[in-house]
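Chain residues, written in single-letter form:
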Amino acid sequence: MKTKLFVIIALITLAIVIALTLWYRNLHTKVSTFSTKDESSNIAKAKEFGDDVRGWLRVEGTNIDMALITVDEDTNLIKGDYDFAWTNSFPDQKSNRPAFISHNIRNVSRNPIIGDDTMSRFEQLMSFIYPSFIEENQFIEYTNSEGKTSLYRIYGVALLDDDQNSSYSDTYSKKEQQSYIKRVKKESMYDIDTDVNEDDLLLTLFTCTRFYGSSTNYSFRVDARELRKEEEKIYAKITPNENYEVIKERMEEGDENEEV
């Protein structure tokens, strides 16, 4: 009887521990509701405009929901028929780090505007300059050139003097990918508690910015890696670092728009 009672008490104690652990975990973690959807009809519609459509892109928390195209000398990057981002490479099944670029025409303030659904292209990408925004928006839906749609998790956000030259390469060796990931982590304005390595599929988004004035060539860059098998969509811990302090000082100077 004593042994039986001990087993019962042990099982009850274990159940309580598990329940408390799950309660604590749910209390201190937040899971994204952002999910993939079939973008095949959107891709087919975009192809009617005559461009080389390579896929589709959606970014959590923004109105970025658009076609991805490749460019050649005849591509008109300022046409307004439909929203799109473009790549300087030709991503295929061998690509492990495609990069896409789109315009940022209106969001030129020292305090970028968020939540304005009249914005187009990558104007809302600047939303990630705010820690409060990225804390609750960290996922990207990417449909590649083969029609596979999957989620990507953001692991780096940077505002830097960058000519977007890296957008011309979409396939890295393991050594090159290790080097790129290290660079992204170093340049990021946030320390993001997300593991990423040379075996992950990566994705980079670029847009121009006049955050530091109309005469500079600064870029705003968001880097992500594909969500791994069985990985939950739990938001990662975000900590602004010393790179962000410089940006924060600039934002505190005022919210006047730069000249376009």
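A brief structural summary. (Residues numbered from 1 in each chain as written. Predicted model: local features only at pLDDT ≥ 70, side-chain atom pairs only at ≥ 80, totals over all residues. Heavy atoms only, no water.)

Quick look at the overall build of the chain
Formally: Numbering of helices and strands runs from the N terminus; a helix is a DSSP stretch of H or I covering at least four residues, while a strand is a stretch of E covering at least two. Throughout, exposure labels follow a simple rule: accessible area from a 1.4 Å probe, protein chains only, divided by the maximum for the residue type, with under 20% read as buried, over 50% as exposed, and the rest as partly exposed. We call two residues in contact when some of their heavy atoms are within 4.5 Å. For accessible areas, the Shrake-Rupley method is used with a probe of radius 1.4 Å. Any residue's cover is judged against the shown protein chains and nothing else. Working convention for charge: Lys and Arg count positive, Asp and Glu count negative, and His plus the chain ends are omitted. For the purpose of locating charges, the reference atoms are NZ of Lys, CZ of Arg, CG of Asp and CD of Glu.
Within the chain one finds 5 helices and 10 strands. Looking at the chain as a whole, 48% of its 260 residues are labelled buried. Nonlocal contacts in the chain, meaning residues at least 24 apart in sequence, comprise 68% of its contacts between residues at least 6 apart. With an accessible surface of roughly 14000 Å², the chain has 52% of that area assigned to carbon and sulfur atoms. Computed over 32 positive and 46 negative side-chain charges, the separation of the two mean positions in the chain equals 8 Å.

Side note on the nonpolar core
Going by this rule: Among buried residues, those of type Ala, Val, Leu, Ile, Met, Phe, Trp, Tyr and Cys that are joined through side-chain atoms within 4.5 Å constitute a nonpolar core.
Ranked by internal contacts, the top residues of the largest apolar core, which has 35 residues, are Phe128, Ile140, Leu205 and Phe220. When residues of this core are assigned to their parent elements, the largest contribution, 4 residues, is made by strand E6 (residues 149-161). Not counting residues up to four positions away in its chain, the partners in contact with Ile140 are Phe34, Leu57, Arg58, Val59, Ser150, Leu151, Tyr152, Ile154, Leu203, Leu205, Val222 and Ala224. Within the second largest apolar cluster, 12 residues are counted, among which are Phe84, Trp86, Ala99 and Ile101.

Brief notes about the packing of aromatic side chains
Operational definition: Pairs were defined over the aromatic rings of Phe, Tyr and Trp, the Trp ring being its six-membered one, requiring ring centres within 6.5 Å. Orientation was assigned from the angle between planes: stacked under 30 degrees, edge-to-face over 60, tilted for the rest. Throughout this description, the term charge over a ring refers to an Arg CZ or Lys NZ atom that lies within 6 Å of the ring centre and within 35 degrees of the ring normal.
By the definition in use, this model includes 11 aromatic pairs. Consider the rings of Tyr212 and Tyr218, whose centres lie 4.7 Å apart with planes at 50°: the pair is tilted. Taking relative accessible area as the criterion, Tyr218 reaches 24% and is therefore assigned partly exposed. Here the aromatic cluster, defined as three or more aromatic residues joined through ring pairs, consists of Phe49, Tyr82, Phe84 and Trp86. The residue whose ring lies beneath Arg97 is Tyr180, and the NZ or CZ to ring-centre distance is 4.4 Å. It is Arg121 that lies over the ring of Phe84; its NZ or CZ is 4.3 Å from the centre.

Looking at the environment of Ser167
Note on placement: Ser167 falls in the loop between E6 and helix H4 (174-187). Spatially, the C-alpha atom of Ser167 lies 6.1 Å from that of Asn88, the residues being 79 residues apart in sequence. Beyond its immediate stretch of four places on either side in the chain, Ser167 contacts Thr87, Asn88, Ser89, Arg97, Ala99, Ile101 and Phe206.

Some details on the environment of Asp116
Relative to the assigned elements, Asp116 resides in the loop between strand E4 (99-102) and helix H3 (131-134). Judged by relative accessible area, Asp116 falls into the partly exposed class, the value being 22%. Residues Asp116 and Asp81, 35 residues apart in the sequence, show an inter-C-alpha distance of 20 Å.

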